[in-house]
Amino acid sequence: MDPITGIAVTLGAGWASGLNLYAAVLMLGFMQNTGAIALPPEMQLLGNPLVLVAAGIMYVIEFFADKIPGVDHAWDALHTFIRIPAGAILASQTVGDVSPALSLAAGLMGGTLAATSHAAKATSRLVVNTTPFANVGASVTEDVAVFGGLYTAMNHPIVFLILLVAFIALVIWLVPKIFRLLGRLFRKIASFFGATPAEPTPAQAANAAKEEALALEEVRRAAALRPDWEASAIFEAQLLQRRSAGEAARRLADFLEKNPDRKSTRLNSSHVALSRM
């Protein structure tokens, strides 16, 4: 392989492992046996029939497991400990006969790319798993991406490297947005069942920035929306206690008068009372 193709295949092996390790092994072994690629001696065993059969069996299992909502999450969680180290090993060995330092660097890059594609796959599935059809579509797209990506890495390495950079940029841009979307989704589910976050987040953020006035304003806004929110009352009392234990005690007493069954508030009220002695 020429250097550019070697780099593309090395990085492609790591990237593909994070999406579907068994498809990546099948594709590399197939290309080795058909002469489309000349793997280093250490990696030519990927073309061994026993390896291909084992990879094929695991691919068939993953093909079905990956298309069942719920089962795919468990499968991805299990393969967090398999895909990432396997991606590092494949990349470090696919790079060929190079110095140990270069082989280690290739392994690190391969493992990182495997982790990136695995994280993108797992987090995006949490969003798209609304219907079985969406799940199947996402799974088939990932399989096609692995086979097509490795083929492109071998035959059109520059195109593959450009697409890989675009993929990394997309992940950097998209994953934080997915986490924020999931956070909003979980908060809506929690509010539907009557649960609430442990603390009023905007007020907590203002408090961390030492903006006590803003923190009080935010926590009072939260209390206005949910007067029986115990965490809000306790957090407001903690803020008030910094300037006056009496104000904190009055806030907790007022909340307990309206919500006498709240044990955590009663405990905090006792603590404030002791601090005034």
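Residues numbered from 1 in each chain as written. Predicted model: local features only at pLDDT ≥ 70, side-chain atom pairs only at ≥ 80, totals over all residues. Heavy atoms only, no water.

All right, on to the overall build of the protein chain then. The helix and strand inventory of the protein chain stands at 11 helices and 0 strands. Sequence-ordered secondary structure for the protein chain, helices as α and strands as β, is α-α-α-α-α-α-α-α-α-α-α. Contacts in the protein chain between residues at least 24 apart in sequence constitute 67% of all its contacts with a sequence separation of at least 6. Summed over its atoms, the accessible surface of the protein chain is roughly 15,000 Å², and 70% of this surface lies on carbon and sulfur atoms. (Helix = DSSP H or I, 4+ residues; strand = E, 2+ residues; numbered from the N terminus. Contact = heavy atoms within 4.5 Å. Areas by Shrake-Rupley, 256 points an atom, 1.4 Å probe, with all protein chains shown as cover.)

What follows concerns the pattern of salt bridges. Opposite charge on two side chains allows them to pair when their charged atoms are near. Counting across every chain of the model gives 15 salt bridges. One salt bridge connects arginine 220 with glutamate 236, and the closest N-O pair in it is separated by 2.9 Å. A residue pair is termed long-range when its members are at least 10 positions apart, and arginine 220 in helix H8 (residues 212–225) and glutamate 236 in helix H9 (residues 230–241) qualify at 16 residues. Between arginine 243 and glutamate 247 there is a salt bridge; the shortest N-O distance is 3.4 Å. Residue classification places arginine 243 among the exposed residues on the basis of a relative accessible area of 54%. The exposure class assigned to glutamate 247 is partly exposed, which follows from its relative accessible area of 27%. A single salt-bridge network, built from bridges that share partners, covers Asp66, Asp72, Lys121, Arg125 and Glu142. (Salt bridge = Lys/Arg side-chain N within 4 Å of Asp/Glu carboxyl O. Buried < 20%, exposed > 50% of the residue type's maximum accessible area, 1.4 Å probe, protein only.)

A few words now on the environment of tryptophan 15. By secondary structure assignment, the location of tryptophan 15 is in helix H1 (residues 3–33). It is 9.7 Å that separates the C-alpha atoms of tryptophan 15 and arginine 83, two residues lying 68 residues apart in sequence.

This part covers the confidence of the model for the protein chain. Looking at the protein chain, the pLDDT average stands at 82 and 84% of residues meet or exceed 70. Per-element confidence in the protein chain is highest for helix H2 (residues 49–65), whose mean pLDDT is 95, and lowest for helix H11 (residues 263–276), whose mean pLDDT is 52. Confidence over residues 196–200 falls short of pLDDT 50; this stretch has 15 contacts with residues more than four positions distant or in other chains. (pLDDT = per-residue confidence, 0-100.)

A word on the environment of alanine 203. Inspection of the secondary structure puts alanine 203 in helix H7 (residues 201–208). Taking C-alpha positions, alanine 203 is 5.0 Å from glutamate 218, a pair spaced 15 residues apart along the chain. Filtering out sequence-adjacent residues up to four positions away, alanine 203 remains in contact with Ala215, Glu218, Val219 and Phe235.

A few words now on the side chain of arginine 251. Within the element layout of this structure, arginine 251 appears in helix H10 (residues 245–258). Of note is the side chain of arginine 251, whose polar atom sits 2.7 Å from the side chain of glutamate 236. Setting aside anything within four residues of it in sequence, one finds arginine 251 in contact with Ala223, Ala233, Glu236 and Leu240. (Polar contact = N/O pair within 3.5 Å; in protein donor to acceptor, adjacent residues only side chain to side chain.)

The next thing to look at is the packing of H2 against helix H3 (residues 71–94). Two elements in contact, H2 and H3, have axes separated by 9 Å at closest approach and are oriented at 140°. With respect to H3, the element H2 is oriented oblique. Residues Met58, Ile61, Glu62 and Ala65 of H2 lie in contact with H3, whose contacting residues are Val71, Asp72, Trp75, His79 and Arg83. Class assignment for the residues of the contact of H2 with H3 results in 5 nonpolar, 1 polar and 3 charged. (Axes fitted to C-alpha atoms, helices over the stretch in contact; angles between N-to-C directions. Parallel < 35°, antiparallel > 145°, perpendicular 65-115°, else oblique. Nonpolar A, V, L, I, M, F, W, Y, C, P; charged D, E, K, R; others polar.)

This brings us to H3. Most pronounced at histidine 79, the bend in H3 amounts to some 50°. Among the residues making up H3, those that are buried are Asp72, Trp75, Asp76, His79, Arg83, Ala86, Gly87, Leu90, Ala91, Ser92 and Thr94. Immediately beyond the C-terminal end of H3, within one or two residues, lies glycine 96, with a positive phi of roughly 100°. (Bend = angle between axes of the 7 residues up to and from the residue.)

Take the packing of aromatic side chains next. Going through the model one piece at a time under the given rule, you end up with 5 aromatic pairs. Relative to phenylalanine 63, the ring of tyrosine 59 lies with its centre 6.1 Å away and its plane at 50°, an arrangement referred to as tilted. With tyrosine 59 and phenylalanine 63 both in helix H2 and 4 residues apart, this pair spans about one turn of that helix. Taking 5.4 Å as the distance between ring centres and 85° as the angle between the ring planes, the aromatic pair formed by phenylalanine 63 and phenylalanine 64 counts as edge-to-face. Overall, phenylalanine 63 belongs to the partly exposed group, its relative accessible area being 29%. Taken together, Tyr59, Phe63, Phe64 and Phe147 form an aromatic cluster joined through their ring pairs. Between the NZ or CZ atom of lysine 67 and the centre of the ring of phenylalanine 63, over which it lies, the distance is 3.6 Å. (Phe/Tyr/Trp six-rings, centres within 6.5 Å; stacked < 30°, edge-to-face > 60°. Lys NZ or Arg CZ within 6 Å of the ring centre and 35° of its normal.)

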